[in-house]
Amino acid sequence: MADNSSICVSINGKDHPVLCGICEAPVSFVGATNGKTRDAGCTQCANVADILAVLAMAAEYTKDEEMLHLSQMAQGVPKTLNAMRVDGRTTHDQVYRFIVDLKA
Ligand SMILES: [Zn+2]
């Protein structure tokens, strides 16, 4: 899995590919290096941002996803009870430009 063209984030010691939040295709670097930073993203969707911004958005998605997972895991709590909890939501209420394939 040493593919330099795809962008991964390391979560709990495991690499997960960063995907386009629109079409879910793996994102890659776009264009040439311009000094210290580079753009990355999905050219098909014109969903391109600075690599640092891409990673920040992917990290935000990961945090939210993990929180949702915890909510979904809330052992055997009836849905009605769950729905009354402030943070009991089990789906994203926000669209992320960049997501992470946590199952990969
Ligand atoms: Zn895309």
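Structure first, text after, so check above.
Throughout this document, residue positions are counted from 1 along each chain, in the order its sequence is written. Where totals are concerned, whole chains, interfaces and linings use all residues; where local detail is concerned, this predicted model gives features only for residues with pLDDT of at least 70, and gives and counts side-chain atom pairs only at 80 or more. Hydrogen atoms and water are omitted, and side-chain values are computed over all heavy atoms in the structure.

Participant: Help me understand the overall build of the chain in this model?
Facilitator: A tally of helices and strands in the chain yields two helices and six strands. Shown N-terminal to C-terminal, the secondary structure of the chain runs as helices and strands in the order β-β-β-β-β-α-α-β. Counting the 104 residues in the chain, one finds 29% classified as buried. In what follows, residue pairs with any heavy atoms lying within 4.5 Å of each other are defined as contacts. Here the contacts in the chain between residues at least 6 apart in sequence split such that 51% fall between residues at least 24 apart. Methods summary: accessible areas were calculated by the Shrake-Rupley approach with a probe of 1.4 Å, and residue burial reflects only the protein chains presented. Surface accessibility of the chain: about 7100 Å² in total, with carbon and sulfur atoms responsible for 57%. Runs of H or I in DSSP of at least four residues are treated as helices and runs of E of at least two as strands, each being numbered from the N terminus. Only protein chains enter the accessibility calculation, which uses a 1.4 Å probe; a residue whose area is less than 20% of its type maximum is buried, one above 50% is exposed, and one in between is partly exposed.

Participant: Is there a simple way to think about the coordination of the zinc ion in this case?
Facilitator: Tetrahedral coordination by four donors puts the ideal angle at the metal at 109.5 degrees, and octahedral coordination by six puts it at 90 or 180 degrees. Each metal site lists N, O and S donors within 2.8 Å (3.2 Å for Na, K and Ca). With water left out of the atoms, a site can look as if it is missing ligands. Summarising the metal site, the zinc ion is bound by the protein donors Cys-20 (SG), Cys-23 (SG), Cys-42 (SG) and Cys-45 (SG), whose distances to it range over 2.3 Å. Angles of 105 to 113 degrees at the metal separate the four donor atoms of the zinc ion, which places the site in the tetrahedral class. Overall, Cys-23 belongs to the partly exposed group, its relative accessible area being 35%. Only two sets of limits are used to name each site, 85 to 135 degrees for every angle of a tetrahedral four-donor site, and over 155 degrees for opposite donors with all other angles from 65 to 115 for a square planar four-donor or octahedral six-donor site, with any other site named irregular.

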